[in-house]
Amino acid sequence: MPVEITWWGHATCTVTDANTRVLTDPLFARRLVHLRRRRGGVPPAGARHADVVLVSHLHADHLHLPSLAGLAPGTRLLVPGGAPRAVPGLRRLRQLRITEVVPGDEVRIGNLLVRAVPALHDGRRLPVGPHHSPALGYVVEGEARTYFAGDTGLFEAMAEQVGPVDVALLPVGGWGPYLGEGHLDAGRAARALTRLAPRVAVPVHYGTYWPIGMDAVRPHEFHAPGDEFVRLAAVAAPQVAVYRLGHGESVRLEVAR
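Note that this is a predicted model, so its numbers are computed, not measured.

Thresholds, definitions, all that
Residues numbered from 1 in each chain as written. Predicted model: local features only at pLDDT ≥ 70, side-chain atom pairs only at ≥ 80, totals over all residues. Heavy atoms only, no water. Helix = DSSP H or I, 4+ residues; strand = E, 2+ residues; numbered from the N terminus. Rg over C-alpha atoms; globule rule 2.2 N^0.38 Å. Buried < 20%, exposed > 50% of the residue type's maximum accessible area, 1.4 Å probe, protein only. Areas by Shrake-Rupley, 256 points an atom, 1.4 Å probe, with all protein chains shown as cover. Lys, Arg positive; Asp, Glu negative; His and termini not counted. Charge placed at Lys NZ, Arg CZ, Asp CG, Glu CD. Pairing = 2+ DSSP bridges. Contact = heavy atoms within 4.5 Å. Axes fitted to C-alpha atoms, helices over the stretch in contact; angles between N-to-C directions. Core = buried A, V, L, I, M, F, W, Y, C linked by side-chain atoms within 4.5 Å. Polar contact = N/O pair within 3.5 Å; in protein donor to acceptor, adjacent residues only side chain to side chain. Expected span 1.5 Å × (residues − 1). Arc of directions from axis to C-beta.

Peer 1: Is there a simple way to explain the overall build of the chain in this structure?
Peer 2: Across its full length, the chain holds 6 helices and 17 strands. Radius of gyration (C-alpha) of the chain: 17 Å, near the 18 Å computed for a compact globule of 257 residues. For the chain, the spread of C-alpha atoms along the three principal axes comes to 50 × 45 × 35 Å. Counting the 257 residues in the chain, one finds 53% classified as buried. Roughly 10800 Å² of accessible area belongs to the chain as shown, and the carbon and sulfur atoms make up 52% of that amount. Computing the positive centroid from 28 side-chain charges and the negative centroid from 23, the chain places the two 7 Å apart.

Laid out in structure tokens, this is it:
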């Protein structure tokens, strides 16, 4: 049975594996504070349907309360440990089945096994607040093993802690002209392929949101990361098939182990 990946923009993807739908870091907004969606329309209502939703960390472009509030009642939601304390609005989403996880935890969802893995990223709910939670990635195992990295930098034990994967959804950019520590750009994401050795990679987290009023500031940082990742991955890891999807575009993968 093929695995299907749909990229809705930013870090929001639907992974369909073993007749189970997984939604990552849902962000269904035209505008988020100082950010405006510049490419791809807001995903259709059907994108909100999932058997499980994975939230990688507490930043508002990944844990977006209005988007979570629009999920169907009864949806399973995995969040980093301590998230409901750090983000009180989560506790008001009583229609969702919220489970807190930390690296190493495994949760069975239908025919899938979802494992939380570490990420190298700031886990605070910015810009204020003393509470924080670990930033996470997730490995979704069914017909394939799909790694959703969330937001992360390269770290020494990445291959060991993530484990063998078939598909890697890797961030390659951001929402502003500068990427700080704890992020992958196109070059670092290509280097991550040499550590993870997936069969397939899909670049995400670029080319969707950009600060209002900064359209003319380093525009190549908005447009280029996807193509740059394709180019650099072909040099660093030519054995990896890279699919650069457009917003709302899907790819069906036959992954034979």
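Peer 1: Even after reading the chapter, I still don't get the sheet that holds strand β12 (residues 145-148), so can you show me in this structure?
Peer 2: Backbone hydrogen bonds are what pair the strands of a sheet, in a parallel or an antiparallel way. Pairing within the open sheet is mixed, and its 7 strands lie in the order β9-β10-β11-β12-β13-β14-β16. Edge positions in the open sheet fall to β9 (106-109) and β16 (241-242), since each of these has one partner strand only. In this sheet, strand β13 (residues 167-171) lies alongside β12 in parallel orientation, the contact comprising 3 bridges. Bridged to threonine 146 within β13 is valine 167. Of the strands in this sheet, β12, β13 and β14 (200-204) are in contact with helix α4 (residues 186-196), which crosses β13 at around 155°.

Peer 1: Looking at this structure, I do not really get the nonpolar core. What am I missing?
Peer 2: The tendency in soluble globular proteins is for nonpolar side chains to be buried side by side. Counting residues in hydrophobic clusters, the biggest one holds 56 residues, and the most contacted among them are Tyr138, Tyr147, Leu170 and Phe229. Sort the elements by how many residues they give to this core and α4 lands first, with 6 residues. In this structure, Ala47, Val55, Leu71 and Ala83 belong to the second largest nonpolar core, which totals 19 residues.

Peer 1: Help me understand the side chain of threonine 12 in this model?
Peer 2: Positionally, threonine 12 belongs in strand β2 (residues 12-17). Owing to a relative accessible area of 1%, threonine 12 belongs among the buried residues under this scheme. One polar contact links the side chain of threonine 12 to the main-chain amide nitrogen of leucine 27, over a distance of 3.1 Å. Sequence-distant contacts of threonine 12, that is, excluding residues within four places in its chain, are made with Thr6, Trp7, Leu23, Thr24, Asp25, Pro26, Leu27 and Phe28.

Peer 1: Just to check I follow, could you spell out the environment of leucine 63 for this structure?
Peer 2: Considering the arrangement of structural elements, one finds leucine 63 in the loop between β6 (52-54) and α1 (65-69). The exposure class of leucine 63 is buried, given its relative accessible area of 0%. Separated by 180 residues in the primary sequence, leucine 63 and tyrosine 243 have C-alpha atoms spaced 26 Å apart. Residues in contact with leucine 63, not counting those within four places in the same chain, are Val55, His57, Leu58, Leu68, Val87, Leu90 and Arg125.

Peer 1: Help me understand unusual backbone geometry in this model?
Peer 2: Most peptide bonds take the trans form, and the phi angle of most residues other than glycine is negative. Positive phi is not limited to glycine here, since alanine 18 has a value of about 55°. Among the structural elements, alanine 18 can be located in the loop between β2 and β3 (20-24). The exposure class of alanine 18 is buried, given its relative accessible area of 8%. Located in the positive-phi region is alanine 197, a residue other than glycine, with phi close to 50°.

Peer 1: Just checking my understanding: could you explain helix α6 (residues 225-236) for this structure?
Peer 2: Because each turn of an α-helix spans 3.6 residues, side chains separated by three or four positions end up pointing in the same direction. For α6, built from 12 residues, the straight-helix expectation of 16 Å at 1.5 Å per residue is met to within 8% by its first-to-last C-alpha distance of 16 Å. Considered for burial, the residues of α6 that qualify are Pro225, Gly226, Phe229 and Ala233. Projected down its long axis, α6 carries its buried residues within an arc of 90°, all on one side. Structurally, α6 contributes buried residues whose contacts are with β13, α4, β14, α5 (220-223) and β16.

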